[in-house]
Amino acid sequence: MSTQVAVAAAVAGIGAYAFYLRNSQVDTTKPTFGKFGFHSLRLESSELINHNTKKLRFELPNKELPAGLKLSSALLTLSFPNGEWRPCIRPYTPTNSLDEPGYIELMVKKYPGGRQSTHLHNLKPGDLMTFAGPIPEPVWTPNKHPHVALIAGGAGISPMYQLVRGILTNPQDQTRVTLVWGVNTDEDIFLGKEFGDLEKKYPGRFKAVYVVATPDAGSPHQKGFVTKQILEGLGLSATKEKNKGTKVMICGPPPMEKALKGSKGFGPFGSAKGGVLAELGYTPDQIHSF
Ligand SMILES: Cc1cc2nc3c(=O)[nH]c(=O)nc-3n(C[C@H](O)[C@H](O)[C@H](O)COP(=O)(O)OP(=O)(O)OC[C@H]3O[C@@H](n4cnc5c(N)ncnc54)[C@H](O)[C@@H]3O)c2cc1C
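Since the model is a prediction, treat every value here as computed from it, not as a measurement.

Enquirer: Please clarify how the sheet that holds strand 9 (residues 206-212) should be interpreted in this entry.
Expert: By definition, the strands of a sheet pair up through backbone hydrogen bonds, in either a parallel or an antiparallel sense. The sheet built from six strands is open, its strands ordered 10-9-8-7-11-14 with parallel pairing. Unpaired on one side and paired on the other, strand 10 (222-223) and strand 14 (287-289) mark the two borders of the sheet. Across seven bridges, strand 7 (residues 147-153) lies against strand 8 (residues 176-183) in parallel orientation. The residue bridging Ala-149 from the neighbouring strand is Thr-178, located in strand 8. In the packing of helix 5 (residues 192-201) onto the sheet, contacts are made with strand 8 and strand 9, and the angle to strand 9 comes to roughly 145 degrees.

Enquirer: Can you walk me through the UniProt feature "binding site: FAD" (unreviewed entry) in the protein chain in this structure?
Expert: Listed under "binding site: FAD" (unreviewed entry) in the UniProt record, and renumbered for this structure, are Arg-90, Pro-91, Tyr-92, Lys-109 and Ser-117. These annotated residues cover 28 residues of sequence, and their C-alpha atoms all fall within 12.6 Å of one another, placing them together at a single site. When the 19 C-beta atoms within 10 Å are taken as the criterion, Arg-90 is described as partly exposed. When sequence neighbours within four positions are dropped, the list of residues in contact with Arg-90 reads Thr-77 and Gln-116. One can find Tyr-92 in strand 4 (residues 88-92). If sequence neighbours within four positions are ignored, Tyr-92 has contacts with Ala-74, Leu-75, Thr-77, Leu-106, Val-108 and Ser-158.

Enquirer: Would you explain the sheet that holds strand 6 (residues 128-133) in this entry?
Expert: Read from one edge of the open sheet, six strands run 4-3-6-1-2-5, paired in antiparallel fashion. Either end of the sheet is taken by a strand with one partner, and the two such strands are strand 4 and strand 5 (103-109). Pairs of neighbouring strands in the sheet enclose a mean axial angle of 40 degrees, with direction left out of account. Pairing between strand 1 (residues 37-48) and strand 6: six bridges, direction antiparallel. Its bridge partner lying in strand 6, Phe-38 is registered against Ala-132.

Enquirer: Looking at this structure, how should I read the environment of Pro-171?
Expert: Take Pro-171: it is sitting in the loop between helix 4 (157-168) and strand 8. A residue is classified by how many C-beta atoms lie within 10 Å of it, and Pro-171, with 7 of them, is exposed. C-alpha separation for the pair Pro-171 and Pro-142, spaced 29 residues apart in sequence, amounts to 9.9 Å.

Enquirer: Sorry, what's going on with the site of the ligand here?
Expert: In the vicinity of the ligand, 24 residues are found, and the nearest of them are Gly-114, Ser-117, Ala-155, Ser-158 and Pro-253. Elements with a minimum of two residues in the shell around the ligand: strand 4, strand 5, helix 3 (115-122) and helix 4. Looking at the shell around the ligand residue by residue, the class counts come to 13 nonpolar, eight polar and three charged. Mapping the shell around the ligand onto the domain boundaries places at least three of its residues in each of domain 1 (3-133) and domain 2 (147-289).

Enquirer: Honestly, the environment of Gly-281 in this entry has me stumped. Any pointers?
Expert: By the element assignment, Gly-281 lies in the loop between helix 8 (276-279) and strand 14. Sequence spacing of Gly-281 and Ala-238 is 43 residues, and the spatial spacing of their C-alpha atoms is 5.0 Å. Setting aside residues no more than four positions away along its own chain, Gly-281 makes contact with Ser-237, Ala-238 and Thr-239.

Enquirer: Sorry, what's going on with the pairing of strand 9 here?
Expert: Side-chain direction in a regular strand flips from residue to residue, so the side chains alternate between the two faces of the sheet. Alignment of strand 8 against strand 9, held across seven bridges, turns out to be parallel. When the sheet's bridge partners are listed, Leu-179 is paired in strand 9 with Ala-208. Remark: the strand 8/helix 5/strand 9 crossover connection has right-handed handedness. For strand 9 and strand 10, the ladder comprises two bridges, and the chain directions are parallel. Across the sheet, Val-212 pairs through a bridge with Lys-223, a residue of strand 10.

Analysis parameters
Every chain is numbered on its own, with residues counted from 1 as its sequence reads. Two thresholds apply to this predicted model, a pLDDT of at least 70 for residue-level local features and 80 or more for giving and counting side-chain atom pairs, whereas whole-chain, interface and lining totals are computed over all residues. When DSSP finds at least two bridges between two strands, those strands are taken to pair. Secondary structure elements follow DSSP: runs of H or I no shorter than four residues count as helices, runs of E no shorter than two count as strands, and numbering proceeds from the N terminus. Residue pairs are scored as contacts if the distance between their C-beta atoms, which are placed from the backbone, is within 7 Å. In this description, a line fitted to the C-alpha atoms serves as the axis of each element, helices being fitted only across the stretch in contact, and the angle between N-to-C directions of two axes falls anywhere from 0 to 180 degrees. UniProt positions are given in the numbering used here, feature names are shortened, and annotations may be inferred rather than shown by experiment. Three classes are used. A residue is buried when 20 or more other C-beta atoms lie within 10 Å of its own, exposed when 12 or fewer do, and partly exposed in between, with C-beta atoms placed from the backbone. For each residue, a C-beta atom is placed from the backbone, and the residue counts as near a molecule or strand when that atom lies within 6 Å of it. Put simply, Ala, Val, Leu, Ile, Met, Phe, Trp, Tyr, Cys and Pro go in the nonpolar bin, Asp, Glu, Lys and Arg in the charged bin, and everything else, Gly too, in the polar bin. Per the annotation, domain bounds derive from an automatic or database assignment of domains. Throughout, right-handed denotes a crossover for which the path from the first strand over the helix to the second runs clockwise when the strands point away from the viewer.

Printed below as a string of structure tokens:
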């Protein structure tokens, strides 16, 4: 199920159910998100990590157990910003280790006028936030693909960070990983140190490339957007022998996803037409977007 479908399905009746659950008992003997459910979690801390992104840590009901999320499931957040009657439901992928007990951590980029990102940025320690999930994204299967190319735009980096770390730190998984992250400015690369450490630790298996729309003077990164030329230059053509069986995963703003996957045909069952990835030789079954 795509994230959009999951969001649409969740809208129906979600408000009433969430408020019912706020007042009901929680089973703290099992991982909170081991199976689908609604949970109201308390914000423990909120920290600004760059000019527009905050790291938010929420307490799980049981401090001894991890959340129970799989690689790389997301959660839906539900709020009524500024007391509006219209619920706001958006997916976020927790970025802390799946094994960490007691917490989930979100990295949230604030968009100008963004309903949920502004609401999350305004939360204070002690405030409650309603979560639903996990969203049933396809669960990652180690070694199913020899290579995975992860293409992220802006805040779409969160599911990619989960995947990169989850794949590389699993000793049973030998998948090679290439990450291409399109951002507006150098300052937007808030996980640069974490990715740099992983590149050093897993040479030959992991490479991270940043494509910056408006780079600083002297920036070491590629300038521009994630185009066919950039992906070709990075050796990501499907026709290359080393890319045989490559899976491509995308998470970014709608214009970026459209440019990569092409525009959808007419109606809900219309298949995608054109797009950079098709031009590079990828077939629809090789592409997943969050
Ligand atoms: C699987 C998945 C996981 C995600 N995980 C995270 C995460 O961990 N951290 C995070 O910050 N975000 C994440 N997102 C994006 C998040 O769900 C919201 O779309 C985002 O926070 C904006 O919501 P909003 O209500 O603040 O903005 P809205 O009120 O929906 O939109 C306000 C303005 O922002 C623009 N906008 C909205 N979304 C984007 C976007 N993605 N890129 C560029 N412009 C946009 C809109 O065009 C509009 O102009 C994820 C998305 C998906 C699909």
